[in-house]
Amino acid sequence: MLKGSNKKMKRNACFIPLILLLLSVGTTTAQNLPYADYKRIHFGFSLGINFLDFGVTPSHIAIDGKTYEADVSSIIPGFSVALISDLRLNDYFNLRLNPALHFGDRTLSYVNPADGERFSTSVKSAIITVPLYLKYSAFRIHDYRPYLIVGGGVAFDCYRDKRMPVVLKMFDGFVDFGAGCTIYFPFFRFAPELRFAIGFNNLLEPWEKRAVEYQDPDMKRYNQALSKLTSQMFILTFNFE
């Protein structure tokens with residue numbers, strides 16, 4: 001009796017690894033949202049962190065006999081929120097309209113190399129961007145699909161405090177490119193995405209174009225030490241679609 005039962009137990013034990021193997025194959029081949037990418041149009045939203053920066057070109061103009069160098073010395077992480085509208089073109093390409101709002105801040109610092117004199121000012125922004133992207137997605141592997149994204153659009157800076165030493169123009173155009181990875185969950189798609197945007201226009205508002213009441217003589221050197229400011233922005237977003 002014991003020998004027969006032992007043989008039976010051994011036969012059953014042989015099936016256990018096979019059952020576990022079949023279960024593991026079943027779980028690894030099953031995909032979340034297998035037909036989500038075939039929708040013609042879908043929508044979503046994104047939350048993110050931005051890092052606003054400038055491309056700075058000093059004027060090297062002598063101001064009261066002094067010449068100043070200038071650069072961005074401090075970048076404070078800001079907050080971004082956006083809407084997503086996605087149009088499927090084919091299995092690999094999508095067209096995306098991604099209007100967003102970005103809040104951020106950076107510090108411009110000036111130094112006179114001759115005597116070491118230093119001063120700085122904060123430049124805040126609340127930027128509305130309206131970009132159009134072309135998204136290329138690689139072949140989906142289980143619940144992961146990496147992608148590249150490139151595009152461009154227009155930007156409007158709604159924060160313009162004319163009392164500040166440096167005032168920015170409202171309108172800008174930019175190009176934007178980055179990469180991300182779509183992760184498929186049972187009820188939604190989640191995609192961390194990193195992008196870099198570069199502006200076209202010189203955003204520095206000339207001192208002469210300010211209203212007379214905002215032309216504080218103590219602030220003039222902040223403006224005259226600069227020749228050009230162009231926008232730069234790193235954005236880490238988390239998309240929910």
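Look a little higher up for the structure.
Residues numbered from 1 in each chain as written. Predicted model: local features only at pLDDT ≥ 70, side-chain atom pairs only at ≥ 80, totals over all residues. Heavy atoms only, no water.

Considerations on the overall build of the chain
Secondary structure summary: the chain contains 2 helices and 9 strands in total. Beginning at the N terminus, the succession of helices and strands in the chain can be written as α-β-β-β-β-β-β-β-β-α-β. Within the chain, buried positions represent 39% of all 241 residues. Sequence-distant contacts in the chain: of pairs separated by 6 or more residues, those separated by 24 or more amount to 70%. Accessible area for the chain stands at about 13,900 Å²; split by element, carbon and sulfur atoms hold 67% of it. (Helix = DSSP H or I, 4+ residues; strand = E, 2+ residues; numbered from the N terminus. Buried < 20%, exposed > 50% of the residue type's maximum accessible area, 1.4 Å probe, protein only. Contact = heavy atoms within 4.5 Å. Areas by Shrake-Rupley, 256 points an atom, 1.4 Å probe, with all protein chains shown as cover.)

Remarks on the packing of aromatic side chains
All chains considered together, the criterion is met by 14 aromatic pairs. Here Y68 and F119 contribute two aromatic rings whose centre-to-centre distance is 5.1 Å and whose plane-to-plane angle is 75 degrees, an arrangement assigned as edge-to-face. With a gap of 51 residues between them, Y68 in the loop between β1 (41–58) and β2 (69–88) and F119 in strand β5 (residues 117–137) connect regions that are remote in the sequence. Each of the two residues, Y68 as well as F119, counts as buried. Each ring, one from Y110 and one from F119, has its centre 4.8 Å from the other, and the planes form 15 degrees; the classification is stacked. (Phe/Tyr/Trp six-rings, centres within 6.5 Å; stacked < 30°, edge-to-face > 60°.)

Considerations on the pairing of strand β4 (residues 100–112)
In the sheet, β2 pairs with β4 via 11 bridges, with the strands oriented antiparallel. Looking at β4, one finds that I75 is bridged to R106. Relative to β5, β4 runs antiparallel, the two sharing 13 bridges. Bridging from a neighbouring strand, L101 pairs with I128 of β5. (Pairing = 2+ DSSP bridges.)

Some remarks on the nonpolar core
In summary, soluble globular proteins display a tendency toward joint burial of nonpolar side chains. Counting residues in hydrophobic clusters, the biggest one holds 20 residues, and the most contacted among them are F54, V56, L108, Y110, V166, L226 and L229. Mapped onto this core, the elements with two or more residues apiece are β1, β2, β4, β5 and β9 (226–240). When neighbours within four sequence positions are excluded, V166 is seen to be in contact with L108, Y110, T121, V123, L204, R210, Y222, L226 and L229. Of all hydrophobic cores here, the second largest spans 7 residues; its members include I127, A155, A197 and M233. (Core = buried A, V, L, I, M, F, W, Y, C linked by side-chain atoms within 4.5 Å.)

Notes on the environment of V81
With respect to the helices, strands and loops of the structure, V81 is situated in strand β2. On the basis of relative accessible area, V81 is assigned to the partly exposed category, the value being 32%. Along the sequence, V81 and F45 sit 36 residues apart, while their C-alpha atoms lie 7.6 Å from each other.

A short note on the pattern of salt bridges
Pairs can form between side chains of opposite charge once their charged atoms are near each other. Scanning the entire structure with this criterion turns up 14 salt bridges. Here R140 ties to D143 by a salt bridge, and the two come within 2.9 Å at their closest N and O atoms. With relative accessibility at 11%, the residue R140 sits in the buried group. Through salt bridges with shared partners, one network takes in K66, D115, E117 and R221. (Salt bridge = Lys/Arg side-chain N within 4 Å of Asp/Glu carboxyl O.)

Observations regarding the side chain of D157
Relative to the helices and strands, D157 resides in strand β6 (residues 144–157). Salt bridges are absent for the buried D157, whose nearest opposite-charge side chain, R106, sits at 5.4 Å. A distance of 2.8 Å separates the side chain of D157 from the side chain of S125, its partner in a polar contact. Looking at D157, its side chain comes within polar contact range of the main-chain nitrogen of Y159, at 3.1 Å. For D157, the residues in contact, after removing those within four places along its chain, are K124, S125, A126, I127, L168, K169 and M170. (Lys, Arg positive; Asp, Glu negative; His and termini not counted. Polar contact = N/O pair within 3.5 Å; in protein donor to acceptor, adjacent residues only side chain to side chain.)

Side note on the environment of F174
Take F174: it is sitting in strand β7 (residues 171–184). Taking relative accessible area as the criterion, F174 reaches 7% and is therefore assigned buried. Sequence separation between F174 and S231 is 57 residues; the distance between their C-alpha atoms is 8.4 Å. Aside from chain neighbours lying at most four places away, what touches F174 is T129, P131, G152, G153, V154, A155, A197, I198, G199 and F200.

A closer look at the environment of P206
Mapped onto the secondary structure, P206 falls in the loop between β8 (189–199) and α2 (220–224). For P206, a relative accessible area of 27% corresponds to the partly exposed category. Taking C-alpha positions, P206 is 9.8 Å from K228, a pair spaced 22 residues apart along the chain. Apart from residues no more than four positions distant in its own chain, P206 is found in contact with K169 and N223.

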